[in-house]
Amino acid sequence: MRIAEVIGTVTLSRAHPALARARWIIGVPFNLNALRHTLLPDGEDVVIFDSLGAGNGHRIGFSEGGEAAVPFLPERKPVDAYCACILDRITIHDRRGGSDHETSQPVRD
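Rules of the game
- Throughout, a residue's number is its position along its own chain's written sequence, starting from 1.
- Given that the model is predicted, a residue must reach a pLDDT of at least 70 before its local features are reported, and side-chain atom pairs must reach 80 or more before they are shown or counted; all residues, however, enter totals for whole chains, interfaces and linings.
- With hydrogens and water stripped out, all remaining heavy atoms of the structure feed into the side-chain values.
- Secondary structure follows DSSP: runs of H or I at least 4 residues long count as helices, runs of E at least 2 residues long count as strands, and numbering of each begins at the N terminus.
- Burial classification: accessible surface area is computed with a 1.4 Å probe over protein chains only, and a residue below 20% of its type maximum counts as buried, one above 50% as exposed, and the rest as partly exposed.
- Identification of polar contacts relies on pairs of N or O atoms within 3.5 Å, with a donor-acceptor requirement for protein atoms, meaning one able to donate a hydrogen and the other able to accept it, and with residues adjacent in sequence counted only if both atoms are side-chain atoms.
- Here, two residues are considered to be in contact whenever any of their heavy atoms come within 4.5 Å of each other.
- Following DSSP output, two strands are said to pair if at least two bridges run between them.
- Joining through side-chain atoms within 4.5 Å is the link that ties buried Ala, Val, Leu, Ile, Met, Phe, Trp, Tyr and Cys residues into a set, and such a set is a nonpolar core.
- The salt bridge definition used is simple: a Lys or Arg side-chain nitrogen within 4 Å of an Asp or Glu carboxyl oxygen.
- When two rings of Phe, Tyr or Trp (its six-membered ring) have centres within 6.5 Å they constitute a pair, described as stacked for plane angles under 30 degrees, edge-to-face for angles over 60, and tilted for the intermediate range.

Draft legend 1. Fine view of the side chain of Asp 50. Inspection of the secondary structure assignment puts Asp 50 in the loop between strand E3 (46-49) and strand E4 (59-64). Residue Asp 50 is classed as buried on the basis of its relative accessible area, which comes to 2%. Among the polar contacts listed, one links the side chain of Asp 50 to the side chain of Arg 23, at a separation of 2.3 Å. A distance of 2.9 Å separates a polar side-chain atom of Asp 50 from the backbone nitrogen of Ala 54. Once residues within four sequence positions are removed from consideration, Asp 50 is found in contact with Arg 23, Ile 25 and Cys 83.

Draft legend 2. Spotlight on the pairing of strand E1 (residues 2-10). Pairing analysis gives four bridges linking E1 to E4, with the strands arranged antiparallel. What sits directly across from Glu 5, in E4, is Arg 59. By the bridge criterion, six bridges tie E1 to strand E2 (residues 24-29) in an arrangement that is antiparallel. The residue bridging Gly 8 from the neighbouring strand is Ile 26, located in E2.

Draft legend 3. Up close: the nonpolar core. Ala 4, Val 6, Ile 25, Val 46, Ile 48, Ala 54, Ile 60, Phe 62, Ala 81 and Cys 83 form the largest nonpolar core, which has 10 residues in total. Taken together, the elements giving at least two residues each to this core come down to E1, E3, E4 and strand E5 (81-87). Beyond its immediate chain neighbours, meaning those up to four positions away, Ile 48 contacts Arg 23, Trp 24, Ile 25, Gly 27, Ile 60, Phe 62, Ala 81, Tyr 82 and Cys 83. Ranked by size, the runner-up nonpolar core spans seven residues in total, among them Leu 19, Phe 49, Val 79 and Tyr 82.

Draft legend 4. Just the pattern of salt bridges, in detail. Across all of its chains, the model carries three salt bridges by this definition. A salt bridge links Arg 2 to Glu 64, with the shortest nitrogen-to-oxygen separation between them at 2.9 Å. Linking Arg 2 in strand E1 with Glu 64 in strand E4, this pair joins segments that are 62 residues apart in sequence. In this structure, Glu 5 engages Arg 59 in a salt bridge whose closest nitrogen and oxygen atoms are separated by 3.7 Å. Placement of the pair is Glu 5 in strand E1 and Arg 59 in strand E4, with a sequence separation of 54 residues. By the burial criterion, Glu 5 is buried, and Arg 59 matches it.

Draft legend 5. The arrangement of unusual backbone geometry in detail. Of note, Thr 38 is a non-glycine position whose phi angle comes to about 55°, a positive value. Position of Thr 38 relative to the elements: it lies in the loop between helix H1 (32-36) and E3.

Draft legend 6. Representation of the packing of aromatic side chains within the structure. Enumeration according to the criterion identifies two aromatic pairs in this entry. When the centroid spacing of 5.5 Å and the interplanar angle of 85° are considered together, the rings of Trp 24 and Phe 49 count as edge-to-face. Of the two residues, Trp 24 sits in strand E2 while Phe 49 sits in strand E3, which places them 25 residues apart along the sequence. In this structure Phe 49 comes out as buried when scored by relative accessible area, which is 9%.

Here it is, written out as structure tokens:
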């Protein structure tokens, strides 16, 4: 699972029949350094299936690849990325020099 910030939505004029009425969002993934130092997301934009109602500025956890289709089993859907959760706080436990370093930050609205 990766963490991304929602920056928009996608509107389709045509879609696979198994995805009729699906909601799609655009997320920009964070790398660990960006999360640790409260920087902006820096990954490549990803189109993500969303059934939770994530909005612009929300931070989400999303899965990709084969894991993205698991919530729909036994039905088959052609999905590459799935929004699994909307985050309200991110805490990073880090081992630097043998001691725990914790970064905890609320996620902005």
